[in-house]
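Summary of the model geometry
Below, each chain spelled out in residue letters.
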Amino acid sequence: TAHYPTARQFSDTQTILNSFATSPTPAGQLCHPVRCIADVDIWMAGHRLTQPIAQYMLGILMVMQRADGGNTIYFLGRIVSSGGWLYFPLLYLMKEPIPTLIIVLLGLALGLWWGIKKIRVQKPIRDMLENHFREFAFVSLIILYWGYSMHSTLNIGVRHLMPTIPFIFILAALAWKTWITKLNLPTAKELGDALNKATIMDSLATTVRSLIGAAIKYIFLILLLCWLVLETLFVAPYFLSYFNELAGGVSGGYHYVTDSNYDWGQDMLRLQSFVNAHPEIDKIAVDYFGGSNAKYYLGDKEVDWSSEQGNPTGEGIHWFAVSINTLELATQPLAADEWRKVSDNYSWLRILRPAAPGMGNVPAPDFRAGTSIFIYHL
């Protein structure tokens, strides 16, 4: 904020936070608790000494404001304003590779089992915190962050869980390290006792079983890591649209959920390549969900389109490209509290190409640009 004029920052902050907690505090009245945070931030933005922290606070308040506003999404067969508390857990299970899920969930199960065993032997919680404070801090952060995310109405992408992913991996790695390296080997004293009692064979058998068990664990982990590497190679370069095999894979994840989980406008260059590879396309109607400018990539061949404009063949256009996120929002059943204009449901396309039965099915395209842009030859 060194070169941010104080008056300008004050004005910008006031404008951005105008709708925070419903509305500004009326003149002469005391602010209610939530709105007070915004009012304090606006005041701080108008004073040179507190400008930097005011700008930082503005970012946090904007996130809170965005999260509270929610978003209309396609999720599990319906158009809803919020996926509910199941949204992020289910998305995590669908978007993480299966070998990663095995590593994480087994690590979680091992951690819970060890924790329960320590509690059962009446080990004081204070001692557990002193010896495992790192794990306690990581788990607390994950629980708090996931709890807030699951309560939030802003359900637009698994990316919102990314701040916790490193901590989940660290905890899983700690659990696996403990599990794999834990060997049930006899101590020197136990070996001495075994020799005295002539039970050396039993002691050796225990040692061999422990080593074999450790080897099996190592092999299991190596196989999971190889699976993860191969899966990464096979799905490249469609990482944004990635869903694991149990959730339809890269090509079918849109049946469950879209938005930034599957379609974030990433395939415009692939649409450009498709159009360039088909010289018979003189014009193509495009309903694109993303930040790029379709006209920039497709030139005079591109015609901006939307559902309410009807069938583009009426204007002599026989090619139509639409983002799957847009198509799902237009064609899927609405939740009880949702609505859309009749003209926005792509009825003309559904008459030409009826969708197959099943969750999230849309009219089958003739071609696809990447994973997210469906192309129809009309």
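Here we summarise the structure given alongside this text. (Residues numbered from 1 in each chain as written. Predicted model: local features only at pLDDT ≥ 70, side-chain atom pairs only at ≥ 80, totals over all residues. Heavy atoms only, no water.)

What follows is about the overall build of the protein. Counting its secondary structure elements, the protein contains 15 helices and seven strands. On C-alpha atoms alone, the protein measures out to a radius of gyration of 28 Å, which is more than a quarter above the 21 Å that the 2.2 N^0.38 rule sets for 378 residues. Reported as C-alpha extents along the three principal axes, the dimensions of the protein are approximately 95 × 65 × 45 Å. Within the protein, the proportion of its 378 residues that are buried is 37%. Pairs at least 24 residues apart make up 66% of the contacts formed inside the protein by residues separated by at least 6 positions. Accessible surface computed for the protein: about 21400 Å², of which carbon and sulfur atoms make up 67%. The distance from the centre of the 28 positive side-chain charges to the centre of the 29 negative ones in the protein is 11 Å. (Helix = DSSP H or I, 4+ residues; strand = E, 2+ residues; numbered from the N terminus. Rg over C-alpha atoms; globule rule 2.2 N^0.38 Å. Buried < 20%, exposed > 50% of the residue type's maximum accessible area, 1.4 Å probe, protein only. Contact = heavy atoms within 4.5 Å. Areas by Shrake-Rupley, 256 points an atom, 1.4 Å probe, with all protein chains shown as cover. Lys, Arg positive; Asp, Glu negative; His and termini not counted. Charge placed at Lys NZ, Arg CZ, Asp CG, Glu CD.)

This paragraph deals with the nonpolar core. Counting 47 residues, the largest nonpolar core has Tyr 92, Phe 320, Leu 327 and Tyr 346 as its most contacted members. Broken down by element, the residue count for this core peaks at six residues, all from helix 8 (residues 165–181). Once residues within four sequence positions are removed from consideration, Tyr 92 is found in contact with Leu 101, Val 104, Trp 146, Val 158, Leu 161, Ile 165 and Ile 168. (Core = buried A, V, L, I, M, F, W, Y, C linked by side-chain atoms within 4.5 Å.)

With that settled, consider the sheet that holds strand 5 (residues 319–323). Pairing in this open sheet of five strands is mixed, and the strands run 4-3-5-7-6 from one edge to the other. In this open sheet, the two strands that pair with only one neighbour each are strand 4 (302–304) and strand 6 (367–369). For this sheet, the mean inter-axis angle between neighbouring strands, taken without regard to orientation, is 30°. With respect to the sheet, helix 12 (residues 268–277) is in contact with strand 3 (284–287), strand 5, strand 6 and strand 7 (373–377), its orientation differing from that of strand 7 by roughly 25°. Contacting strand 3, strand 5 and strand 7, helix 14 (residues 324–331) crosses the sheet at an angle of about 85° to strand 5. (Pairing = 2+ DSSP bridges. Axes fitted to C-alpha atoms, helices over the stretch in contact; angles between N-to-C directions.)

Judged by side-chain polarity, Leu 93, Leu 105, Leu 108, Leu 112, Trp 113 and Ile 116 come together as a nonpolar surface patch covering roughly 590 Å² of accessible area. For the nonpolar patch, the element with the highest residue contribution is helix 5 (residues 98–120), accounting for five residues. Tracing the backbone shows Trp 113 in helix 5. The exposure class assigned to Trp 113 is partly exposed, which follows from its relative accessible area of 45%. (Patch = residues over 30% accessible without salt bridge, like charges linked within 9 Å, V, L, I, M, F, W, Y side chains within 5 Å. Salt bridge = Lys/Arg side-chain N within 4 Å of Asp/Glu carboxyl O.)

Bringing the packing of aromatic side chains into the picture now. Taken as a whole and judged by the stated rule, the model has 18 aromatic pairs. Relative to Tyr 376, the ring of Phe 320 lies with its centre 6.2 Å away and its plane at 25°, an arrangement referred to as stacked. Here Phe 320 is found in strand 5, whereas its partner Tyr 376 is found in strand 7, with 56 residues between them in sequence. On the accessibility criterion, Phe 320 (0% relative accessible area) is buried. An aromatic cluster is built from Phe 243, Tyr 254, Tyr 262 and Phe 374, whose rings are joined through pairwise contacts. (Phe/Tyr/Trp six-rings, centres within 6.5 Å; stacked < 30°, edge-to-face > 60°.)

What follows deals with helix 7 (residues 133–151). Here helix 7 spans 27 Å end to end across 19 residues, near enough to the 27 Å set by a 1.5 Å rise per residue. Each element contacted by the buried residues of helix 7 is listed here: helix 4 (87–95) and helix 8. (Expected span 1.5 Å × (residues − 1).)

Attention now goes to the pattern of salt bridges. Applying the stated criterion to the full structure yields seven salt bridges. Across the pair Arg 8 and Asp 12 runs a salt bridge, and its minimum N-O distance is 3.2 Å. In this pair, Arg 8 and Asp 12 are both assigned in helix 1 (residues 6–16), four residues apart and thus about one turn of the helix distant. The salt bridge involving Arg 134 is made with Glu 135; its shortest N-O contact spans 3.8 Å.

This brings us to the pairing of strand 7. Here strand 7 lies mainly inside the structure; four of its five residues are buried. As paired strands, strand 5 and strand 7 are joined by five bridges and run antiparallel to one another. Considered in strand 7, the bridge of Phe 320 is made with Tyr 376. Both strand 6 and strand 7 contribute to a ladder of three bridges, which runs antiparallel.

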